[in-house]
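Next come the chains, spelled out residue by residue.
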Amino acid sequence: MIDERIEALRARMAEIGVDAYLVPTDDFHGSEYVGEYFKCRQFITGFTGSAGTAVITRDMAGLWTDGRYFIQAAEQIAGSQVQLFKMGEPGVPTIHEFLKQNLGEGACLGFDGRTVSDGEAGELSELMEEKHGSIRGDLDLVGDIWTDRPALPSEQVFELDEQWTGESRAVRIERVRAFMKERGADIFLLTSLDDIAWMLNIRGGDIHCCPVVLSYLAMSQNDVMLFTNEKAYPDEVKRALLADGVHLKTYDLIYAYASGIPSWYKVLLCKRKVNSLLTSLIPEGVTVLDEENPTTIFKAVKTPREVENERTAHIKDGVALTKFIYWLKKNVGKIPMTEISAGEKLYALRSEQEHFMGNSFDAIISYGPHAAINHYSATPETDIPIEAKGLLLADTGGHYLEGTTDVTRTIVMGPVSDEQKQCFTAVLRGTLNLAAAKFRYGATGLNLDYLARGPLWEMGKDFNHGTGHGVGYFLNVHEGPNSFHWKKTATRRADTVFEEGMITSDEPGYYVEGAYGIRHENLLVCVKDEESEFGQFMRFEHLTMAPFDLDAVVPEQMTGRERALLNAYHQDVYEKIAPHLEEEERLWLREATRAI
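Residues numbered from 1 in each chain as written. Predicted model: local features only at pLDDT ≥ 70, side-chain atom pairs only at ≥ 80, totals over all residues. Heavy atoms only, no water.

Visitor: Just give me the short version of the sheet that holds strand β11 (residues 224-228), but keep the residues and values in it.
Guide: Pairing in this open sheet of six strands is mixed, and the strands run β12-β11-β10-β8-β13-β14 from one edge to the other. Since the sheet does not close on itself, it has two edges, and those belong to β12 (246-250) and β14 (287-290), each with one partner. Taken over all neighbouring pairs, the strand axes of this sheet differ in orientation by 25° on average, direction set aside. As judged from the four bridges shared by strand β13 (residues 266-269) and β14, these two strands associate in the parallel manner. Of the residues in β14, the one forming a bridge with V267 is V288. Set on the sheet, helix α8 (residues 169-183) makes contact with β8 (187-190), β10 (215-219), β11, β12, β13 and β14; between it and β10 the angle comes to about 60°. (Pairing = 2+ DSSP bridges. Helix = DSSP H or I, 4+ residues; strand = E, 2+ residues; numbered from the N terminus. Axes fitted to C-alpha atoms, helices over the stretch in contact; angles between N-to-C directions. Contact = heavy atoms within 4.5 Å.)

Structure representation (structure tokens):
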């Protein structure tokens with residue numbers, strides 16, 4: 001099937017004289033996860049992961065993806081002509097290097113400009129100019145051969161009341177306008193869906209597990225135009241938006257709008273996030289102010305109301321997760337359970353919580369060797385029974401009106417080896433040490449990441465993913481710009497200063513391919529600590545409230561400080577979660593959070 005699709009695409013390429021065709025993961029908005037309509041890369045390669053790019057030439061089909069997906073990608077493209085290029089590995093060319101090495105003089109590179117950012121398109125254009133070639137950014141060739149392509153998503157839109165956000169839509173619009181005025185911008189073009197949802201205090205369901213609304217936004221000092229599907233908006237939402245000066249326009253009209261911008265205007269946008277077709281239509285003479293969207297940092301710094309709501313959300317989530325861990329340990333080996341059925345059980349427990357709005361991402365319930373596959377998601381074909389032995393990794397999260405959660409627990413289902421216990425403990429030490437960081441204001445994820453990796457590095461071990469990412473408020477579970485990582489990469493800089501109110505995940509791990517995987521993840525909120533003659537100091541507080549599994553902890557491997565950190569955290573978990581449990585569950589939690 002995949003090879004047939006690739007050959008059909010090559011036939012279209014030959015018809016119009018394209019030598020290589022680029023197929024990114026992105027939708028028209030640079031979203032991390034995309035709706036079914038936009039899954040062209042999945043359609044043409046069979047790889048279902050959330051990150052990756054395909055390149056199809058006349059005689060080669062390649063898939064580039066990162067370390068989270070090496071194992072998954074290899075399995076899913078097996079048997080097809082698609083070749084896997086492991087990004088960042090020694091000797092593996094980048095996409096640009098591959099194109100430079102393999103395209104001949106005068107070649108033509110094609111792509112759908114709606115799915116390629118302006119910044120990326122500019123680099124590709126320079127590359128092809130060096131080869132005296134050309135680019136075509138107006139081609140949806142996968143769409144040409146995708147005969148049963150799903151329709152564009154259009155789920156119903158609803159407002160998120162100020163009781164949840166702590167800040168009105170009008171205030172957020174004015175904050176952005178003040179930023180525009182500082183920069184001298186006449187128009188602000190915003191295309192990232194979570195930023196639009198944040199600014200307008202609206203939510204929807206146009207991307208699976210992401211409560212966003214398919215839309216573009218253009219605003220001046222006088223009006224706000226939202227290019228979207230008007231049919232998805234109930235009358236009361238339309239009226240509320242209009243009262244704040246937000247006018248609804250047809251989704252595709254953004255391109256005509258861009259082409260009609262007066263040539264003497266200054267337009268604020270982020271070229272890394274706005275698609276290249278849209279920017280290519282902005283008339284010559286218009287001054288483009290290319291910088292990070294102001295909404296990015298505004299959105300990352302949660303309001304005091306949002307932070308307090310998040311604490312409530314995490315108690316609710318912790319109750320569901322604690323009940324789930326108890327259920328697993330009580331029933332494993334006694335009743336049938338699989339990765340999929342366990343995920344369904346956890347979803348049911350979360351659904352019992354007030355204001356639960358759905359999963360924040362597809363649950364990653366991975367047992368045994370599957371846990372070594374980062375971002376593994378069980379399917380009917382891969383689903384396996386959970387047995388009374390080994391480790392189960394559960395990376396899950398929920399959306400609540402009070403906020404978004406993302407938590408990972410590695411759970412002991414039965415006998416485990418000494419090696420597994422040692423690695424389990426090392427990863428836990430890293431999680432605790434990072435969470436306990438105290439640092440001067442100005443520190444970034446690059447400064448602090450070693451606290452999480454140190455225990456593993458001391459053992460000559462590591463993990464091949466970032467240590468943490470920002471999290472949205474009832475929005476995208478992965479949100480920039482704050483993060484933890486030990487080095488800068490093309491997609492993760494980790495050099496954003498931590499501000500009070502930022503929420504970031506703390507999730508070191510360790511994985512042995514074909515054997516097991518371990519990850520411990522809590523969400524942390526950045527708060528102010530003391531101020532001294534050296535300046536303002538900052539620290540983190542745990543939001544996540546759920547026990548770590550003491551059955552795989554080696555206390556002798558931990559320092560006294562680390563044991564104290566774990567004991568204090570577990571005491572907090574017990575005090576917050578126990579009142580919401582049944583008696584038998586409460587007795588179990590008391591033992592599960594005992595001091596070591």
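Visitor: So what's going on with the side chain of S168? Which residues, and what values?
Guide: For S168, the position within the fold is in the loop between α7 (162-165) and α8. Here S168 falls in the buried class, since its relative accessible area comes to 18%. A distance of 3.1 Å separates the side chain of S168 from the backbone nitrogen of V171, its partner in a polar contact. If near-sequence neighbours (up to four positions away) are discounted, S168 is found in contact with E162 and N201. (Buried < 20%, exposed > 50% of the residue type's maximum accessible area, 1.4 Å probe, protein only. Polar contact = N/O pair within 3.5 Å; in protein donor to acceptor, adjacent residues only side chain to side chain.)

Visitor: Lay out the packing of helix α16 (residues 418-435) against helix α19 (residues 560-577) in plain terms, naming residues and giving numbers.
Guide: Two elements in contact, α16 and α19, have axes separated by 10 Å at closest approach and are oriented at 75°. What the angle tells us is that α16 and α19 run roughly perpendicular. Residues L428, R429, L432 and N433 of α16 lie in contact with α19, whose contacting residues are R561, E562, L565 and L566. Class assignment for the residues of the contact of α16 with α19 results in four nonpolar, one polar and three charged. (Parallel < 35°, antiparallel > 145°, perpendicular 65-115°, else oblique. Nonpolar A, V, L, I, M, F, W, Y, C, P; charged D, E, K, R; others polar.)

Visitor: Explain the sheet that holds strand β19 (residues 403-404) to me, using residue names and the numbers behind them.
Guide: One open sheet accounts for three strands, arranged β15-β18-β19; its pairing is antiparallel. Edge positions in the sheet fall to β15 (356-359) and β19, since each has one partner strand and no second. Relative to strand β18 (residues 398-400), β15 runs antiparallel, the two being bridged by three bridges. When the bridges of β18 are listed, F356 appears paired with Y400.

Visitor: How would you sum up unusual backbone geometry? Please name residues and give values.
Guide: Between G480 and the following residue, P481, the backbone shows a cis peptide bond with an omega angle of 5°. Here P481 is to be found in strand β23 (residues 479-484). The backbone of H355 sits at a positive phi, close to 70°, despite the residue not being glycine. If you trace the backbone, H355 turns up in the loop between α15 (339-351) and β15. Taking the relative accessible area as the measure of exposure, H355 reaches 25% and is therefore partly exposed. Phi is positive for F474, which is not a glycine, with a value near 45°. Here F474 lies in the loop between β22 (468-470) and β23. Among the residues examined, F474 registers a relative accessible area of 2% and is labelled buried.

Visitor: Report on the packing of aromatic side chains, specifying residues and quantitative values.
Guide: Across all of its chains, the model carries 27 aromatic pairs by this definition. Residues F43 and W146 carry aromatic rings whose centres are separated by 4.7 Å and whose planes lie at 20° to one another, so their mutual orientation is stacked. Remark: W146 occurs in the loop between α6 (141-145) and β7 (158-159) and F43 occurs in helix α2 (residues 40-45); sequence separation between them is 103 residues. A residue is classified by how much of its surface remains accessible, and W146, at 10% relative accessible area, is buried. Each member of the aromatic cluster is reached from another via a ring pair, and the members are F439, F484, F498 and F540. The ring centre of F298 lies 4.3 Å from the NZ or CZ of R175, which sits over that ring. (Phe/Tyr/Trp six-rings, centres within 6.5 Å; stacked < 30°, edge-to-face > 60°. Lys NZ or Arg CZ within 6 Å of the ring centre and 35° of its normal.)

Visitor: Could you give an account of the pairing of strand β2 (residues 53-57), with specific residues and numbers?
Guide: The buried fraction of β2 amounts to five of the five residues, a majority that puts the element mostly inside the structure. Burial along β2 is two-sided: the face carrying T53, V55 and T57 and the face carrying A54 and I56 are both buried. Across four bridges, the pairing between strand β1 (residues 20-23) and β2 is antiparallel. Residue pairing across strands places L22 opposite V55, the latter belonging to β2. Bridge count between β2 and strand β3 (residues 61-65): four bridges; the pairing is antiparallel. Bridging across to β3, A54 finds its partner in L63. Once β2 ends, the chain turns through three residues before running back antiparallel as β3.

Visitor: I'd like a description of the nonpolar core, backed by residues and values.
Guide: If you look at the biggest cluster of nonpolar residues, it comprises 56 residues, and the most contacted ones within it are L189, L200, L217, M219, L226, Y233 and Y257. Here this core takes six residues from helix α9 (residues 193-200), the largest share from any one element. The contact partners of L217, leaving out residues within four places of it in the chain, are F188, L189, L190, I196, M199, L200, V224, M225 and L226. (Core = buried A, V, L, I, M, F, W, Y, C linked by side-chain atoms within 4.5 Å.)

Visitor: Any chance you could break down a nonpolar patch on the surface for me, citing the residues and the numbers?
Guide: Judged by side-chain polarity, Y450, W457 and W486 come together as a nonpolar surface patch covering roughly 330 Å² of accessible area. Structurally, W457 is set in helix α18 (residues 450-457). (Patch = residues over 30% accessible without salt bridge, like charges linked within 9 Å, V, L, I, M, F, W, Y side chains within 5 Å. Areas by Shrake-Rupley, 256 points an atom, 1.4 Å probe, with all protein chains shown as cover. Salt bridge = Lys/Arg side-chain N within 4 Å of Asp/Glu carboxyl O.)

Visitor: How would you sum up the environment of R561? Please name residues and give values.
Guide: When you line up the elements, R561 lands in helix α19. On a C-alpha basis, the gap between R561 and L432 in space is 9.8 Å, while along the polypeptide they are 129 residues apart. Each residue touching R561, except ones within four places of it in the same chain, is listed here: N433 and A436.

Visitor: So what about the packing of α16 against α18? Which residues, and what values?
Guide: At a minimum axis separation of 7 Å, α16 and α18 run at an interaxial angle of 155°. Regarding the angle of α16 to α18, the classification is roughly antiparallel. In the packing of α16 onto α18, the handedness of the crossing is right-handed. Facing α16, whose interface residues are A426, V427, R429, G430, N433 and L434, α18 presents L451, A452, P455 and L456. A class-by-class count of the residues in the contact of α16 with α18 yields seven nonpolar, two polar and one charged. (Left-handed = near helix turned anticlockwise from the far one by under 90°.)

Visitor: Help me get a handle on α18, residues and values and all.
Guide: For α18, the complete set of buried residues consists of A452, R453, G454, P455 and L456. Of the surrounding elements, those touching the buried residues of α18 are α16, α17 (445-448) and β25 (509-512).

Visitor: Explain the pattern of salt bridges to me, using residue names and the numbers behind them.
Guide: Taken as a whole and judged by the stated rule, the model has 47 salt bridges. K438 is the partner of D529 in a salt bridge, and the nearest nitrogen-oxygen pair spans 3.5 Å. Taken as a pair, D529 in strand β27 (residues 522-532) and K438 in strand β21 (residues 438-440) lie far apart in primary sequence, 91 residues in all. Relative accessible area serves as the criterion here: at 25%, D529 is assigned to the partly exposed category. The partner of D529 in a salt bridge is R539, and the shortest N-O contact between them spans 2.8 Å. Of this pair, D529 sits in strand β27 while R539 sits in strand β28 (residues 535-542), and the two are 10 residues apart along the sequence. Of the residues examined, R539 reaches a relative accessible area of 27% and is grouped as partly exposed. When salt bridges with common partners are traced through the structure, they connect E308, R311, K438, D529, E530, R539 and E541 into a single cluster.

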